[in-house]
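Residue-level structural notes
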Amino acid sequence: MKNQELIDYLESCGVCRVCQLRYLKARGSEYRDMQKTFQRLDVQVAAEETADNEIPAKKSRLDICTTCLGLFSKDFQQQLIDGILRSDYAKYDSPGIVLAFNLPMVLQLRQLSMWFALQSKFGASVDSNFAPDVPIKEAVKLILHPIVCTQLGKEYDANGLMINIELRHSTEADDVAQLVQLNKAAFPAQAKHQKRIEISRGLLEKQYQPSRLKAELFKKFLPIPPSPVNDSLELQSIQLCGPLVCVAGRYRKLSRELSHTPWVLNGKRIMEDSIEEIIIRNVGSHFSETPEKITFMSSGREDVDVRCLGKGRPFVLEIPNARCGSLTRTQALAMEQAVDATGTVSIHNLQLVPREELTHIKTGEEQKRKYYRALCVLEQPATLEILQKLQISESFDIQQKTPIRVLHRRPLHTRPRTIFGVKARVQRENPRLLVIDVVSQAGTYIKELVHGEFGRTAPSLSSIIGQPMDILALDVVGIDLDWPSDVNNAAAVE
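Residues numbered from 1 in each chain as written. Predicted model: local features only at pLDDT ≥ 70, side-chain atom pairs only at ≥ 80, totals over all residues. Heavy atoms only, no water.

- Under an unreviewed UniProt entry, the name given to the chain is tRNA pseudouridine(55) synthase, and the organism recorded is Drosophila rubida.

This is how it looks when you write it as structure tokens:
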């Protein structure tokens, strides 16, 4: 089968120039200058139809392509651009876009019909297992994506603003009805054992090819080659979905009366605010109109009465359908200052991060080290012996049952944990008070490590010194996670 013979036959079947190139297996830039591509492939076509490197305009009535139904026509291209501009497209500030087409099944049926037609015309030179054309979905990426990106002044970005485009055709209902009957005739065993067979694109791709279906049977229900049509594809709807934006930073918790996430008990709020809500309220509104859909994650969490100081705790906001995909240093600084103004939470290092980096938050969580400072009280004044017992430089392991205070939300388990070091000193104003620094494996319950909780944590610091000890206040002073990167937004703005 020579290229010229193939193109002449496709031409006689009403196939457009773009689809002719699909059957010549053209790739990438070969669609940009179609006349040049045809010449390189030693095919003669009318020059005026491919002049100016433009996709040929849709003509009237029977001149609509019988395989793509006008999908690659200049008219459809303009209709698509106009439809996007009429949508909520202007609300999204995203440098990149990606098109997602929902194509009618009639296009697959016509591709199969043309496959049968080419086999009938050219015989064994047309394979029965591998389609003779570049698939329409791939051609859409090669042809329509660059055109739309250029017209809108955007770059192609698989993670950018997704433009979902649904297409329909007037023959779809009738052709699918014929396909249902064809499916019963072609695969009677399936029809017998399954009360209802879902006709889907996946079914067409899997079962409908010349190696599994005879052309004679197909022709009883649908024409070979595909018949001409009077109208092209219809643009049914355009829906936009903004990119998933991830904003990371570190927070310091300055209050001992603030929950990590909204604290609701029996349908009633226990506390007015939370770390999650404060950060989302001051950061999320820049990116999204639906803050309730933003996901807040952090590397661990504190109890309500525990502060988090030092460099703070890494956190990230996962923002779906973001209307804005950028964050300047000035904007980041304003967000940091707004959170700082609450007096209960402070944030810094605010920045955009790739979604792939979110693994830093949870991966290897229990292998991380965390640093704590606890204010503890003894029944009697501290002695030199007690202080010496609490100077522990070598690591040791503890067995820790789930604390009673969290059993309502955590399963009962005994967890091994490693304590990497302990240091203690007496508070000058009160010899019964000890300031104890602890370095522990992430996931250790520090309060229970101190007092032992009736032996549920063993050994505990209380058991090590041989007398009762309780904890009055606790601060997280360090988290062994060097993420996200240090960003001084204030210095950058100055």
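More follows now that the structure is in view.
Considering the sheet that holds strand E4 (residues 234-241)
- One open sheet accounts for 4 strands, arranged E2-E1-E3-E4; its pairing is mixed. Among the strands making up the open sheet, the edge pair consists of strand E2 (155-156) and E4.
- Alignment of strand E1 (residues 96-102) against E2, held across 2 bridges, turns out to be parallel. Looking at the pairing, Gly96 lines up with Glu155 of E2.
- Most of the contacts of helix H4 (residues 74-86) go to E4, to which it runs at about 40°, and overall it touches E1, strand E3 (161-168) and E4.
- Set on the sheet, helix H6 (residues 136-152) makes contact with E1 and E2; between it and E1 the angle comes to about 135°. (Pairing = 2+ DSSP bridges. Helix = DSSP H or I, 4+ residues; strand = E, 2+ residues; numbered from the N terminus. Contact = heavy atoms within 4.5 Å. Axes fitted to C-alpha atoms, helices over the stretch in contact; angles between N-to-C directions.)

A closer look at the confidence of the model for the chain
- Across the chain, the average pLDDT comes to 92, with 95% of residues at or above 70.
- Ignoring residues within four places in sequence, the model shows residues 57-61, a span with pLDDT below 50, making 11 contacts including any to other chains. (pLDDT = per-residue confidence, 0-100.)

Digging into the packing of helix H11 (residues 275-283) against helix H12 (residues 329-340)
- It is the contact of H11 with H12, at a shortest axis distance of 9 Å, that shows an interaxial angle of 140°. Crossing of H11 over H12 shows right-handed handedness. Residues Ile278, Asn282 and Val283 of H11 touch H12, and the partners they reach there are Met335, Ala338 and Val339.
- By residue class, the composition of the contact of H11 with H12 is 5 nonpolar, 1 polar and no charged. (Left-handed = near helix turned anticlockwise from the far one by under 90°. Nonpolar A, V, L, I, M, F, W, Y, C, P; charged D, E, K, R; others polar.)

A short note on the layout of surface pockets
- Its boundaries defined by the atoms lining it, the largest pocket holds a volume of some 1100 Å³.
- Lining of the largest pocket is provided by 36 residues; of these, Arg301, Glu302, Asp303, Arg409 and Arg410 occupy positions nearest its centre.
- Those elements that provide at least two residues to the lining of the largest pocket are strand E6 (264-265), strand E8 (295-298), strand E9 (306-319), strand E11 (369-378), strand E13 (414-426), helix H15 (446-451) and strand E16 (469-479).
- Split by residue class, the lining of the largest pocket holds 14 nonpolar, 8 polar and 14 charged.
- Mapping the lining of the largest pocket onto the domain boundaries places at least three of its residues in each of domain 2 (245-363) and domain 3 (366-478). (1 Å grid on protein atoms, 1.4 Å probe; cavity = no way out; pocket = protein on both sides within 12 Å on 5 of 7 lines; lining within 4 Å. Points joined across faces, edges and corners; volume = space filled by probe spheres on them. Domains from an automatic or database assignment.)

A closer look at the nonpolar core
- Leu71, Phe72 and Phe101 are the most contacted members of the largest nonpolar core, which totals 77 residues.
- Tallying contributions element by element places helix H5 (residues 106-122) first for this core, with 10 residues.
- Apart from the residues within four sequence positions on either side, Leu71 is in contact with Phe76, Leu103, Ile136, Val140, Leu144, Leu167 and Leu233.
- Counting residues in hydrophobic clusters, the runner-up holds 36 residues, among them Val353, Leu378, Val438 and Leu481. (Core = buried A, V, L, I, M, F, W, Y, C linked by side-chain atoms within 4.5 Å. Buried < 20%, exposed > 50% of the residue type's maximum accessible area, 1.4 Å probe, protein only.)

Brief notes about the environment of Val304
- Along the chain, Val304 falls in the loop between E8 and E9.
- Residues Val304 and Ile280, 24 residues apart in the sequence, show an inter-C-alpha distance of 18 Å.
- Leave out the neighbours within four places in its chain, and Val304 touches Lys253, Ser255, Arg256, Glu257, Leu258, Ser259, Trp263 and Met271.

Some points on a positive patch on the surface
- Taken together, the side chains of Arg301, Lys362, Arg409 and Arg410 present a region of like positive charge at the surface.
- Take Arg410: it is sitting in the loop between strand E12 (396-401) and E13. (Patch = residues over 30% accessible without salt bridge, like charges linked within 9 Å, V, L, I, M, F, W, Y side chains within 5 Å. Areas by Shrake-Rupley, 256 points an atom, 1.4 Å probe, with all protein chains shown as cover. Salt bridge = Lys/Arg side-chain N within 4 Å of Asp/Glu carboxyl O. Lys, Arg positive; Asp, Glu negative; His and termini not counted. Charge placed at Lys NZ, Arg CZ, Asp CG, Glu CD.)

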